[in-house]
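Spelled out, the chains give:
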Amino acid sequence: MPVTSVQIPRLKNTYPPVPVYPVRVAGPSGPTGIQGVQGLTGATGATGSQGLASTVTGPTGATGLASTGPTGPTGFASTGPTGSASPGVNYTGGNWYLPNFSQTATGTALVAGSVYFYPLYISLPVTIESLAIFAVVGAAGVDYWNVGIYTNLSSGRPGTLLGSGAGSISSSTGFISIALNSNVSITTPGWYWLAFQASDTTQRLVGIGGAGFHIFESGPGQFFGSPTLANAATLFGVSVTGTAQTSAGIANVTMPTGPTGFSEITTAQQMPTLLYQVVSVP
């Protein structure tokens, strides 16, 4: 049997319409109200009981290593031993002293105007007032002979004139002394040189060197040496040439203040023996 379609009619909406309400606007906020009264503080609770003390002590730590190392050995002393004073020298104010130990000789003529130097070591501060010679034959009495004291150079030769005598025209024999123009104060121990300036060839003095001397004599060769082998064994002093003084009281005119051009005095010549007087110590 054939199927027949049937159309059902659509029903209309029969619900009532939804009502539309107006939008409500919020009003302004009101003022903040007054704060209320603070309530009372509650009571403090009771203190809890103290805990039990620990009776257990921890172990002691090990001792640390020392920060200071072992003391080193004592080093060598930097200061050398104190040297001894010049042998046999016992300075006393007013005493005369002889600087050399060699045997003496006489009779050798000196060169007029030449200056003869002999070294001495002064071991303590002293003040020297005078120098002296010993004349075997007196001077001719025309020219003046002089004396002086000089410093020592590093080369082992006389340096600067420290003081000199006023010059003497004495033709006497025996010991003859001359006072220095002013006392010479030696403040630094060390080597110095005594000096004698000959007036003429007539005068003869006790000295070291000259005829009859033996080889290997005690003298400056011990301390200052010589570039000549034979001279080192018989060196008695040094000399420089000069001009004889012919006026009184002006020894510095011919005594050189800084001598140069030294000649060595050996057995063929003679070094006059000079003595010096210490006026005070120091």
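This write-up is about the structure you can find in this document. (Residues numbered from 1 in each chain as written. Predicted model: local features only at pLDDT ≥ 70, side-chain atom pairs only at ≥ 80, totals over all residues. Heavy atoms only, no water.)

### A closer look at the overall build of the protein chain
No. 1: For the protein chain, the count of helices and strands is one helix and 13 strands.
No. 2: Put simply, the protein chain runs from its N terminus to its C terminus through helices and strands in the order β-β-β-β-β-β-β-β-β-α-β-β-β-β.
No. 3: Out of the 282 residues belonging to the protein chain, those deemed buried represent 37%.
No. 4: The contacts in the protein chain between residues at least 6 apart in sequence include a share of 82% that link residues at least 24 apart.
No. 5: Just so you have it, the protein chain exposes about 18,400 Å², and 58% of that area is on carbon and sulfur atoms. (Helix = DSSP H or I, 4+ residues; strand = E, 2+ residues; numbered from the N terminus. Buried < 20%, exposed > 50% of the residue type's maximum accessible area, 1.4 Å probe, protein only. Contact = heavy atoms within 4.5 Å. Areas by Shrake-Rupley, 256 points an atom, 1.4 Å probe, with all protein chains shown as cover.)

### Examining the pattern of salt bridges
No. 1: Tallied over the entire structure, the rule returns one salt bridge.
No. 2: We note a salt bridge from Glu264 to Arg157, for which the minimum N-O separation is 3.0 Å. With a gap of 107 residues between them, Glu264 in strand 11 (residues 263–265) and Arg157 in the loop between strand 4 (146–152) and strand 5 (158–164) connect regions that are remote in the sequence. (Salt bridge = Lys/Arg side-chain N within 4 Å of Asp/Glu carboxyl O.)

### Considerations on the nonpolar core
No. 1: Formed by 33 residues in total, the largest nonpolar core has its most connected members in Ile128, Phe196 and Tyr276.
No. 2: Elements with a contribution of two residues or more to this core: strand 2 (115–122), strand 3 (126–137), strand 4, strand 6 (174–186), strand 7 (190–197) and strand 13 (275–280).
No. 3: Aside from chain neighbours lying at most four places away, what touches Ile128 is Ile122, Ile149, Leu180, Asn183, Val184, Ile186, Tyr276 and Gln277. (Core = buried A, V, L, I, M, F, W, Y, C linked by side-chain atoms within 4.5 Å.)

### Section: the side chain of Gln203
No. 1: One can find Gln203 in the loop between strand 7 and strand 8 (204–205).
No. 2: When its relative accessible area of 1% is taken as the criterion, Gln203 is described as buried.
No. 3: Not counting residues within four places of it along the chain, the set of residues in contact with Gln203 comprises Ile133, Val137, Gly138, Ala139, Trp145 and Phe196.

### Some points on the packing of aromatic side chains
No. 1: Applying the stated rule across the entire model yields 10 aromatic pairs.
No. 2: Ring centres of Tyr91 and Tyr97 lie 5.5 Å apart, and the angle between their planes is 65 degrees; on these two criteria the pair is classed as edge-to-face. By the burial criterion, Tyr91 is buried, and Tyr97 matches it.
No. 3: On the basis of an interplanar angle of 75 degrees and a centroid distance of 5.4 Å, the ring pair of Tyr121 and Trp191 is categorised as edge-to-face. Linking Tyr121 in strand 2 with Trp191 in strand 7, this pair joins segments that are 70 residues apart in sequence.
No. 4: Among the residues examined, Tyr121 registers a relative accessible area of 34% and is labelled partly exposed.
No. 5: Through a chain of ring-to-ring contacts, three or more aromatic side chains come together here, namely Tyr121, Trp191, Trp193, Phe223 and Phe224. (Phe/Tyr/Trp six-rings, centres within 6.5 Å; stacked < 30°, edge-to-face > 60°.)

### Some points on the environment of Phe236
No. 1: Looking at the secondary structure, you find Phe236 in the loop between helix 1 (229–233) and strand 10 (237–240).
No. 2: The exposure class assigned to Phe236 is buried, which follows from its relative accessible area of 0%.
No. 3: Measuring from C-alpha to C-alpha, the distance between Phe236 and Pro220 comes to 5.8 Å, with 16 residues separating the pair along the chain.

### Topic: the sheet that holds strand 11
No. 1: Pairing is antiparallel across the open sheet formed by six strands, whose spatial order is 5-4-7-2-10-11. Of all strands in the sheet, those with a lone pairing partner are strand 5 and strand 11, marking the two edges. In this sheet, adjacent strand axes meet at a mean angle of 35 degrees when their direction is disregarded.
No. 2: Two strands pair when backbone bridges link them, and strand 10 and strand 11 are joined in this way by three bridges, in the antiparallel orientation. Bridge assignment links Val238 to a residue of strand 11, and that residue is Glu264. (Pairing = 2+ DSSP bridges. Axes fitted to C-alpha atoms, helices over the stretch in contact; angles between N-to-C directions.)

### Remarks on the side chain of Ser168
No. 1: Here Ser168 is to be found in the loop between strand 5 and strand 6.
No. 2: Within polar-contact distance, the side chain of Ser168 engages the backbone nitrogen of Ser170 at 3.1 Å. (Polar contact = N/O pair within 3.5 Å; in protein donor to acceptor, adjacent residues only side chain to side chain.)

### With respect to the pairing of strand 4
No. 1: Counting buried residues in strand 4 gives five out of seven residues, a clear majority hidden from the surface.
No. 2: As defined by bridge partners, strand 4 adjoins strand 7 across six bridges and the pair is classed as antiparallel. Bridge pairing in strand 7 places Tyr150 opposite Trp193.
No. 3: Judged from the four bridges that link them, strand 4 and strand 5 form a sheet pairing that is antiparallel.

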